[in-house]
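Observations on chain architecture
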Amino acid sequence: MKNVFYDSWVAKAALCLSQCHTIMLFGFVFSKLKQEEVTQRTRNHECVHARQWFEVTALSGSVILALVLALGISAWWMLLAGMVYYIWYVIEWMCRSMWYSIMMDEWTCDMETPYQSLSFEREARFSERDSNYLENGGYFGWLKEL
């Protein structure tokens with residue numbers, strides 16, 4: 001995929017305090033590692049996130065554009081479309097964290113559990129072994145994981 005940048009200073013800066021080595025930001029995949037060190041499974045996982053970002057951005061951009069045209073609000077609101085994926089991600093993580101903290105014993109639930117149950121992460125994790133998922137999988141697959 002053309003949108004993957006290896007040995008990237010962006011990844012090194014964004015993930016400086018994390019054990020993760022690859023991140024998707026605004027439709028681009030950045031990795032601290034060299035190209036030969038990144039597994040195909042990791043590429044697939046992050047490229048699914050990139051498609052999710054494009055899907056959410058296109059949908060939210062269409063809604064915002066309709067509001068701009070119908071209500072005459074400022075077109076500057078279109079900038080929000082690129083952030084909706086991250087806003088949704090954080091809100092879903094917070095809701096799942098509260099759910100797990102209320103419904104489960106604090107000893108059986110760590111912070112990884114809400115993260116692993118996020119709809120975006122579930123779709124990416126289920127499809128990371130399929131190198132043809134982006135070509136053959138349906139759009140908005142993460143909605144099924146809600």
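Residues numbered from 1 in each chain as written. Predicted model: local features only at pLDDT ≥ 70, side-chain atom pairs only at ≥ 80, totals over all residues. Heavy atoms only, no water.

Some words on the packing of aromatic side chains
Operational definition: When two rings of Phe, Tyr or Trp (its six-membered ring) have centres within 6.5 Å they constitute a pair, described as stacked for plane angles under 30 degrees, edge-to-face for angles over 60, and tilted for the intermediate range.
Per the counting criterion, the structure on display carries 12 aromatic pairs. The structure contains a cluster of three or more aromatic residues connected by ring pairs, namely Phe26, Trp53, Phe54, Tyr85, Tyr86, Trp88, Tyr89, Phe120, Phe140 and Trp142.

What about the sheet that holds strand β3 (residues 28-31)?
Backbone-to-backbone hydrogen bonds pair the strands of a sheet. The strands run either parallel or antiparallel. Condition: Two strands are counted as paired when DSSP detects at least two bridges linking them. Numbered from the N terminus, helices here are DSSP runs of H or I no shorter than four residues, and strands are runs of E no shorter than two.
Taking strand neighbours across the sheet as the criterion, the 3 strands line up as β1-β3-β2 in an open arrangement whose pairing is mixed. Sheet topology places β1 (4-5) and β2 (22-25) at the edges, where each strand pairs with a single neighbour. Inspection of the sheet shows β2 paired to β3 by 4 bridges, in the antiparallel sense. Within β3, the residue paired with Met24 across the bridge is Val29.

Brief notes about the environment of Ile102
Among the secondary structure elements, Ile102 is positioned in helix α3 (residues 84-103). The spacing of Ile102 and Arg51 is 51 residues in sequence and 33 Å in space, taken between C-alpha atoms.

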